[in-house]
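# Residue-level structural notes
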Amino acid sequence: MRAPPALLAVLLAVAQLAGCTVFDPYPATPQPAIAGAKDAGPRVAICYDFAVSSTAEVQQAAQQQCAPDTRAARIATDWKLDFCPLLLPARATFVCAPSK
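Note that this is a predicted model, so its numbers are computed, not measured.

### Describing the state of the cysteines
As used in these notes, a disulfide is a covalent bond between sulfur atoms, one from each of two cysteines. Following the criterion strictly, the structure yields two disulfides and no others. In this model Cys 47 forms its disulfide with Cys 84; the gap between the sulfur atoms is 1.9 Å. Torsion about the S-S bond of the Cys 47 and Cys 84 cystine: about -80°, corresponding to left-handed handedness. Here Cys 47, found in strand β2 (residues 43-48), pairs with Cys 84, found in the loop between β3 (70-78) and β4 (90-98); they are 37 residues apart in sequence, far enough to count as distant. Residue classification places Cys 47 among the buried positions, given a relative accessible area of 0%. Here the chain pairs its bonded cysteines, counted in sequence order, in the arrangement 1-3, 2-4.

### A few points about the environment of Ala 33
If you trace the backbone, Ala 33 turns up in the loop between β1 (26-28) and β2. Taking the C-alpha atoms as reference, Ala 33 lies 8.7 Å from Arg 43; in sequence the two are 10 residues apart. Ignoring sequence-local partners within four residues, the contact set of Ala 33 consists of Asp 39 and Arg 43.

### Notes on the pattern of salt bridges
Taken as a whole, this structure holds two salt bridges when the rule is applied. Residues Asp 39 and Arg 43 are paired through a salt bridge, measuring 2.4 Å at the closest nitrogen-oxygen approach. Overall, the relative accessible area of 21% leaves Arg 43 in the partly exposed class. Of the charged contacts, one joins Asp 78 and Arg 91 as a salt bridge, the two residues approaching to 2.7 Å between their closest N and O atoms. Of the two residues, Asp 78 sits in strand β3 while Arg 91 sits in strand β4, which places them 13 residues apart along the sequence. Classification of Asp 78 as buried rests on a relative accessible area of 6%.

### Examining the side chain of Asp 49
Mapped onto the elements, Asp 49 comes out in the loop between β2 and α2 (55-65). This buried residue, Asp 49, is left without a salt bridge; Arg 74 holds the nearest opposite charge, at 11 Å.

So, how was this worked out
- Residues numbered from 1 in each chain as written.
- Predicted model: local features only at pLDDT ≥ 70, side-chain atom pairs only at ≥ 80, totals over all residues.
- Heavy atoms only, no water.
- Disulfide = S-S within 2.5 Å.
- Helix = DSSP H or I, 4+ residues; strand = E, 2+ residues; numbered from the N terminus.
- Buried < 20%, exposed > 50% of the residue type's maximum accessible area, 1.4 Å probe, protein only.
- Contact = heavy atoms within 4.5 Å.
- Salt bridge = Lys/Arg side-chain N within 4 Å of Asp/Glu carboxyl O.
- Lys, Arg positive; Asp, Glu negative; His and termini not counted.

What follows is the structure, encoded as structure tokens:
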């Protein structure tokens, strides 16, 4: 049994629209600091696909989460699926440190 051509066209259009952003890095819950550690600023995190997203894209996404006069400094990366979905399994944690 074959699907009607209209249904295939709709499914193809939806897949193309979803494909534009499905692998884009996005904000997530940051990894907490270890006990006694003091960060130079607030933490932010970005979920991303390490095979698709470049380091620059992840850095830029983190910088957008930081305040204007700060710099996103990467401090950790983990692959716990508790925080990021299967399609974007990596989570990079950054500290928004004051610009020098």
